[in-house]
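Topology and contacts: notes
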Amino acid sequence: MLTGKTILVGITGGIAAYKICELIRMYKRANANVRVICTKNALNFVTKLTLQNLSQNEVGVEEFELDEYKPEHISYADEADVMVIAPATANTISKIAHGICDNLLTSVVCAFRKPIIIAPAMNCNMWENPIIQENLHKLSSLGYKILEPDSGFLACGYEGKGRLCELEKIFKTTSELITTEKQQSSPDFVFISKVEEETSAINLAGKKVIVTAGGTIEDIDPVRYISNYSSGKMGLAIADEAHKAGAEVVLITTKDFQRDYKIVKIKSALEMQDALDEEFTTADYIFMAAAVADYRVKNVADQKIKKTSDNEFTLELIKNPDILAGLCAKRKLLMTDFGDEAPTIVGFCAETQNLIQYAQNKINQKGCDFIIANDVSRKDIGFSSDENEVYIINKNLDVKKLDKQSKTIIAKEILGEVYEQSRNLCNIG
Ligand code: CTP
C-alpha cells in the first residue's frame, strides 16, 4: 500500500520509544521506505542497532556526524513524503512550536514541507500543563496533525492521559495523509493551515459571540459522573474563528481550554444554563455546540456510593431543562427589549440515524434560527475527530451540506453561512 513512499520516523526520549520498533515494522510490511532519526535521549530507550535493522537504513542522531558533506536536515526533509514524530515528548513539542533547531530531529522538522504527524506521550500532569497545551494548539493550528494520547496506566505510575495512542491509529493516519489527493497532486503541499490561516472572510468586530462546547458532567456522587464523548473541538473551533473575525467571544465549556478570550468553565447542564443567562441578553450570536445531558441524577450522593450485595443498581434521573429551547423562548419574550438586535441562535444536533429529518424536527421544536447537524455514527468525523462534515439547516428548513474538512475550516464556513443567512432571515423563532 505504501510502495514508493518514504516515511520519516522521528523518535524522542520517552519510554514509549520501544513501541516504535513495531510501528517501523508495520510501515515496512506495507512496503514503505522508512528512515529514522532520533534524539540522543531516545537512544536511552531503544538502540540504534535495533532501529537500523528494522528500518534497513542508517539511523540519524547527530547533525554533523557524516564524513561526506551533505546537509542532513535538508536531505532527510527532501526525501520523505510524511514525517511521524512518535513518541513526541513535551520538550520536543515545545521546541518545534518555537522553531528551535538544536538537534537533527528538530532541524529536520523545521525544514520539512510535507505533512507532519505528532503523537505525544508523557506524564498526565505534563500533558495537562497549559504551556504544553498551548504549544500543541499552536502546532495544530499550523497544520501539524496531533494524535492525542490515550488515557490509562502510565509507565511513570500515574493514571491519566498521556499514553502514546494506538500504533494502528498512527499507521492509519500516516496512510491517509500520504495517499490524499492533495498530497499526490502537489508535491509542494505544505499544510492545510495555509488555507486555514487565511484571514476571516467576515468581520465580527463589535459583535458578541457566545459558544458552548463539550459534554456536560452530571455528578452521581463525589467520585462518579455521567457524561458523553463530546470533545468540545467543534465549539472551540467556532469560538477561535469568531475571535479571529474580531468578535468578543465567550466560550462556556466543560473542558480545560486555554485561550486569550473569555472562557467560563462549568460542569453540569444547570451551570451551563446559569452561565448563558448571565451572558445571553448582550449576545449577537449564540452557538450551542455543547452536548448537554438530557437527564441528571435526581439525588446526588454526598458521599461515595458503596457497593451492595445486590446485582442490580438503579440510578434515578430527572430531566434537565432544554437550554436551547429555553433561550429561544426567552428571546421571543424579550423581543421588544432587543429591538432589532435579537441574537441569532444556532443549535447543534448529533444523530446516529435520520440526520436531516431529526434536525429539521429540532429546529421547529426548539425555535432556533439554524441547526448544524452531523452524523456521529461515522468514525471519521464528529466527536473526538479533528474533522467534520455537517449540514446547515435554517428555519425555512433549507439544507446546505459542508463537505468533510478540518473542524477549523468547517467552523469558518459555519460562521460565514450563519452571518450571511441571518442578515436575510428574521430571528423571531
Ligand atoms: N440542548 C440543550 N439542552 C438540553 C439538550 C440539548 O440546550 N437539555 C441543545 C444542544 O446544545 C444542541 C441542541 O440542543 O444545540 C440539540 O441537542 P440534541 O442532544 O441533539 O437534542 P435533544 O433535544 O437532546 O434531543 P435527543 O437527545 O432526543 O436527540
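Residues numbered from 1 in each chain as written. Predicted model: local features only at pLDDT ≥ 70, side-chain atom pairs only at ≥ 80, totals over all residues. Heavy atoms only, no water.

Before going further, it helps to examine the overall build of the protein chain. Helix and strand counts for the protein chain stand at 16 helices and 20 strands. Taken against the 2.2 N^0.38 rule, which gives 22 Å for 429 residues, the C-alpha radius of gyration of the protein chain at 24 Å falls within 12% of a compact globule. Its C-alpha atoms put the protein chain at 80 × 60 × 35 Å along the principal axes. Residue burial in the protein chain is summarised as follows: out of 429 residues, 50% are buried. Within the protein chain, contacts between residues at least 6 apart in sequence are counted, and of these 68% link residues at least 24 apart. Surface accessibility of the protein chain: about 21100 Å² in total, with carbon and sulfur atoms responsible for 49%. Here the protein chain carries 50 positive and 60 negative side-chain charges, and the mean point of each set is 3 Å from the other. (Helix = DSSP H or I, 4+ residues; strand = E, 2+ residues; numbered from the N terminus. Rg over C-alpha atoms; globule rule 2.2 N^0.38 Å. Buried < 20%, exposed > 50% of the residue type's maximum accessible area, 1.4 Å probe, protein only. Contact = heavy atoms within 4.5 Å. Areas by Shrake-Rupley, 256 points an atom, 1.4 Å probe, with all protein chains shown as cover. Lys, Arg positive; Asp, Glu negative; His and termini not counted. Charge placed at Lys NZ, Arg CZ, Asp CG, Glu CD.)

Once the domains are mapped, the protein chain shows domain 1 (6-187) and domain 2 (200-302 + 311-426). The centre of domain 1, based on its C-alpha atoms, is set 35 Å off from the matching centre of domain 2. Taken together, the contact pairs 5 residues of domain 1 with 5 residues of domain 2. Of the roughly 420 Å² buried between domain 1 and domain 2, counting both surfaces, carbon and sulfur atoms make up 43%. Among the residues domain 1 hides against domain 2, the three largest losses belong to P130, H137 and K145. Together they make up 63% of the total. In this structure, the connection of domain 1 to domain 2 is made through 1 salt bridge. With a shortest N-O distance of 3.6 Å, K233 and E148 are connected by a salt bridge. The tally of links from domain 1 across to domain 2 stands at 2 residue pairs in polar contact (both at pLDDT 80 or more). For the side of domain 1 that touches domain 2, the secondary-structure elements that each account for two or more residues are α7 (130-141) and β6 (145-146). Here the side of domain 1 that touches domain 2 is built from residues that sort into 2 nonpolar, 1 polar and 2 charged. (Domains from an automatic or database assignment. Buried area = accessible area lost by both parts, 1.4 Å probe. Salt bridge = Lys/Arg side-chain N within 4 Å of Asp/Glu carboxyl O. Polar contact = N/O pair within 3.5 Å; in protein donor to acceptor, adjacent residues only side chain to side chain. Nonpolar A, V, L, I, M, F, W, Y, C, P; charged D, E, K, R; others polar.)

With that out of the way, let us pick up the sheet that holds strand β20 (residues 399-406). Pairing within the open sheet is mixed, and its 8 strands lie in the order β13-β12-β9-β14-β17-β18-β19-β20. Only two strands of the sheet have a single partner each, and these edge strands are β13 (262-265) and β20. This sheet shows a mean twist of 20° between the axes of neighbouring strands, independent of strand direction. In the sheet, strand β14 (residues 285-288) pairs with strand β17 (residues 344-351) via 4 bridges, with the strands oriented parallel. Looking at β17, one finds that M288 is bridged to G347. Those strands touched by helix α11 (residues 233-244) are β9 (208-213), β12 (248-253), β14, β17 and β19 (387-394), and its axis lies near 165° from that of β9. Here helix α12 (residues 269-280) sits on the sheet in contact with β9, β12, β13, β14 and β17, set at roughly 175° to β9. (Pairing = 2+ DSSP bridges. Axes fitted to C-alpha atoms, helices over the stretch in contact; angles between N-to-C directions.)

To continue, consider the site of the ligand. Around the ligand, 15 residues are found, and the nearest of them are M288, D294, L324, K362 and K366. Take L324: an N or O atom from its main chain is 2.8 Å from an oxygen atom of the ligand. Considering the ligand on its own, with 560 Å² of exposed area, one finds that the protein chains cover 77% of that surface. Contributions of two or more residues to the shell around the ligand are made by α13 (323-333), β17 and α15 (355-366). Broken down by element, the residue count for the shell around the ligand peaks at 5 residues, all from β17. Partitioning the shell around the ligand into residue classes produces 9 nonpolar, 1 polar and 5 charged. (Near = heavy atom within 4 Å.)

Right, let's talk about the pattern of salt bridges for a bit. Going through the model one piece at a time under the given rule, you end up with 25 salt bridges. Taking the shortest distance from any N to any O, the salt bridge between E279 and K208 comes out at 2.6 Å. Residue E279 is found in helix α12, and its partner K208 is found in strand β9; the two are separated by 71 residues along the sequence. Summarising the burial analysis for this pair, E279 and K208 share the class buried. We note a salt bridge from K330 to D277, for which the minimum N-O separation is 2.6 Å.

As a further point, take the sheet that holds strand β2 (residues 33-38). A sheet is described by the order of its strands in space; here 6 strands give the open sequence β3-β2-β1-β4-β5-β6, paired in parallel fashion. The outermost strands of the open sheet, each flanked by one partner alone, are β3 (59-60) and β6. Its contacts with the sheet place helix α5 (residues 104-111) against β1 (6-11), β2, β3, β4 (82-88) and β5 (116-120), and it is angled at close to 140° to β4.

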